[in-house]
Amino acid sequence: MLILNKTARVFSNPSKRKIYEYLRSFNFHPGKVFLHKLVLGIETSCDDTAAAVVDETGNVLGEAIHSQTEVHLKTGGIIPPVAQQLHRENIQRIVQEALSVSKVSPSELSAIATTIKPGLALSLGVGLSFSLQLVDKFKKPFIPIHHMEAHALTIRLTNKVEFPFLVLLISGGHCLLALVRGVSDFLLLGKSLDIAPGDMLDKVARRLSLIKHPECSTMSGGKAIEHLAKQGNKLHFDFKPPMQRAKNCDFSFTGLQHIIDKTVMQKEKEEGIEKGQILSSAADIAAAVQHTTACHIAKRTHRAILFCKQKALLSQSNAVLVVSGGVASNLYIRKALEIVANATQCTLLCPPPKLCTDNGIMIA
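Along each chain, the written sequence defines residue order, and numbers are assigned to residues from 1. Totals for whole chains, interfaces and linings use all residues, but because this is a predicted model, local features are given only for residues with pLDDT of at least 70 and pairs of side-chain atoms are given and counted only at 80 or more. As a convention, hydrogens and water are excluded, and side-chain values are obtained from all of the structure's heavy atoms.

(A) Here's a closer look at the sheet that holds strand β10 (residues 346-349). Between any two strands, at least two bridges found by DSSP are needed for them to pair. Here a helix means four or more residues in a row that DSSP labels H or I, a strand means two or more in a row labelled E, and each is numbered from the N terminus. The 5 strands are arranged β8-β7-β6-β9-β10 in an open sheet whose pairing can be described as mixed. Looking at the sheet topology across the chains shown, the edges are occupied by β8 (185-191) and β10. Direction aside, the axes of adjacent strands within the sheet are offset by 25° on average. Set on the sheet, helix α11 (residues 282-310) makes contact with β6 (165-170), β7 (175-182), β8, β9 (319-324) and β10; between it and β6 the angle comes to about 160°. Think of each axis as a best-fit line through the C-alpha atoms, taken over the contacting stretch in the case of a helix, with angles from 0 to 180 degrees between the N-to-C directions. Every residue pair with non-hydrogen atoms within 4.5 Å of one another is taken to be in contact.

Here it is in structure tokens:
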């Protein structure tokens with residue numbers, strides 16, 4: 001706790017007056033009796049401020065979330081100090097809303113769980129600082145949570161999944177394959193050597209200026225690519241999947257992004273348009289990018305499944321592949337993973353879309 005307190009002081013704290021005003025705002029219910037342990041989960045690792053109260057049986061009593069997507073869409077990406085300020089402005093309201101919906105007061109909590117890594121340091125600091133003040137005020141146990149472990153285990157809230165199982169986490173900030181052997185027992189099989197797939201798709205969407213496209217102006221980069229790809233020919237551009245000769249389960253997306261950038265520049269010259277204008281071939285590029293990304297992810301996942309089965313780390317007949325993270329909501333990529341799962345006699349499971357992205361439930 002001493003280390004956590006020192007860590008908390010590194011980040012800017014909300015004023016004590018605001019915290020105490022916030023704590024006094026709760027309606028306490030001294031007559032209530034809860035039969036299960038109650039955990040408040042707080043998530044501020046990137047650009048979503050989220051909180052939830054979950055009991056030990058997995059029942060979600062209340063949740064709240066504030067998304068910063070619209071703000072960052074206008075700036076073309078997440079700016080850490082901006083994200084930090086938005087977390088500061090919203091964390092008190094979000095935590096209070098989650099507790100109010102659940103009809104639980106801070107004093108009735110069994111513990112407070114908060115994301116401490118990985119993520120943006122400035123964003124993480126807001127959640128950690130706020131949590132530790134609640135911990136200190138109400139003398140509750142503090143549970144530090146690894147963001148990726150939370151994503152990996154979320155499926156057990158909605159499905160009866162036994163250990164071990166294989167998990168693929170793909171999002172705007174992360175990309176990894178791991179064998180989940182227990183609640184805190186993970187064997188890392190592969191990870192991105194550079195950027196995450198969601199980050200790459202966002203960068204390609206920005207290079208294509210899809211925010212100016214009438215059908216994509218309110219969409220995130222990844223969603224814009226998926227939407228436009230439906231109208232394009234995935235074979236019009238021949239982008240090769242990365243790392244085809246690498247004998248491991250790692251990923252790489254930077255090289256693919258550079259090739260796409262060069263292709264876009266060349267097409268702009270051919271069409272005689274300035275950077276920032278929409279290419280007539282934008283849909284074909286989006287389709288090819290999505291297809292190549294799906295092939296790369298599917299091939300590395302296929303390799304991981306074969307390795308685990310060969311080493312008897314997964315069942316030969318009823319293995320489970322869990323896919324989570326924001327990119328898991330891309331239906332084209334998910335279909336590619338379904339093909340891999342069927343070919344290797346695996347059951348593919350994905351948490352509901354709202355649990356695939358960052359949320360307080362998975363932390364609780």
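(B) Fine view of the confidence of the model for the protein. Across the chain, each position has a pLDDT score giving the predictor's confidence in that residue, from 0 to 100. Predicted confidence across the protein gives a mean pLDDT of 89, with 90% of residues reaching 70 or more. This stretch, residues 1-14, has a pLDDT under 50; its non-local contacts, to residues over four places away or in other chains, come to 21 contacts. Across residues 22-31, confidence stays below pLDDT 50; counting only partners more than four residues off in sequence or on other chains, it has 21 contacts.

(C) Just the packing of aromatic side chains, in detail. When the centres of two rings from Phe, Tyr and Trp lie within 6.5 Å, Trp using its six-membered ring, the rings pair. Their planes under 30 degrees apart give stacked, over 60 give edge-to-face, and anything left gives tilted. Per the counting criterion, the structure on display carries 3 aromatic pairs. Relative to Phe-239, the ring of Phe-237 has its centre 6.0 Å away and its plane inclined at 10°; by these criteria the two rings are stacked.

(D) Just the pattern of salt bridges, in detail. Should a side-chain nitrogen of Lys or Arg be within 4 Å of a carboxyl oxygen of Asp or Glu, the pair is scored as a salt bridge. On inspection of all chains with the given rule, the structure shows 10 salt bridges. Close ionic contact of Glu-97 with Arg-93 constitutes a salt bridge, the shortest N to O distance being 3.7 Å. Here Glu-97 pairs with Arg-93, and both are found in helix α4 (residues 80-102), just 4 residues apart, close to one helical turn. Each residue's exposure class comes from its accessible area (1.4 Å probe, protein chains only) as a fraction of the maximum for that residue type: buried when under 20%, exposed when over 50%, partly exposed otherwise. The class of Arg-93 is partly exposed, set by a relative accessible area of 40%. For Glu-162, the salt bridge is made with Lys-160, and the minimal N-O distance between the two is 3.5 Å. In this pair, the class of Glu-162 matches that of Lys-160, namely exposed.

(E) Structural view of α4. Relative to the 33 Å expected for 23 residues at 1.5 Å per residue, α4 spans 31 Å between its end C-alpha atoms, a close match to the ideal helical length. A residue's bend is given by the angle between axes fitted to the 7 residues ending at it and the 7 residues starting at it. The sharpest bend along α4 reaches about 45° and sits at Asn-90. Among all positions of α4, only Ala-83, Gln-84, Leu-86, His-87, Asn-90, Ile-91, Ile-94, Val-95, Ala-98, Leu-99 and Ser-102 are buried. Lys-103, located one to two residues past α4, shows a positive phi value of around 60°. Residue count minus one, scaled by 1.5 Å, sets the expected span of a helix.

(F) Structural detail: the packing of helix α9 (residues 221-229) against α11. At a minimum axis separation of 8 Å, α9 and α11 run at an interaxial angle of 110°. The angle between α9 and α11 places the two elements in the roughly perpendicular class. On the side of α9, the interface is formed by Ile-225, Glu-226, Leu-228 and Ala-229, while α11 contributes Ala-282, Ala-283, Ala-286, Ala-287 and Gln-290. Considered class by class, the residues forming the contact of α9 with α11 number 7 nonpolar, 1 polar and 1 charged. Each angle gets one of four labels, with under 35 degrees taken as roughly parallel, over 145 as roughly antiparallel, 65 to 115 as roughly perpendicular, and the rest as oblique. For this classification, Asp, Glu, Lys and Arg are treated as charged, while Ala, Val, Leu, Ile, Met, Phe, Trp, Tyr, Cys and Pro are nonpolar and the rest, including Gly, are polar.

(G) Summary view of the pairing of strand β5 (residues 142-146). Bridge count between strand β4 (residues 111-117) and β5: 5 bridges; the pairing is parallel. For Lys-117, the partnering residue across the bridge sits in β5 and is His-146. Handedness of a crossover is defined as follows: with both strands directed away from the viewer, a clockwise route from the first strand across the helix to the second makes it right-handed. Once the chain exits β4 it traverses helix α5 (residues 121-138) before rejoining the sheet at β5, and the crossover so formed is right-handed.

(H) The domain arrangement of the protein, seen in detail. Start and end points for every domain follow an automatic or database-based domain assignment. Domain annotation for the protein reports domain 1 (38-159 + 359-363) and domain 2 (165-353). If you average the C-alpha positions of domain 1 and of domain 2, the two centres end up 27 Å apart. Here domain 1 and domain 2 share an interface that buries about 1,400 Å² over both sides, 78% of which is from carbon and sulfur atoms. Each of two parts loses accessible area, computed with a 1.4 Å probe, when they are put together; buried area is these two losses added. Interface area lost by domain 1 to domain 2 is led by Leu-73, Met-148 and Ile-155, which between them contribute 38%. For the pair domain 1 and domain 2, the number of links is 0 salt bridges. As used in this structure description, the phrase polar contact means that two N or O atoms lie within 3.5 Å; if the pair is within protein, one of them must be able to donate a hydrogen and the other to accept it, and residues adjacent in sequence are counted only when both atoms belong to side chains. One can count 0 residue pairs in polar contact (both at pLDDT 80 or more) joining domain 1 with domain 2. Elements with a minimum of two residues in the side of domain 1 that touches domain 2: α6 (147-153) and α7 (155-158).

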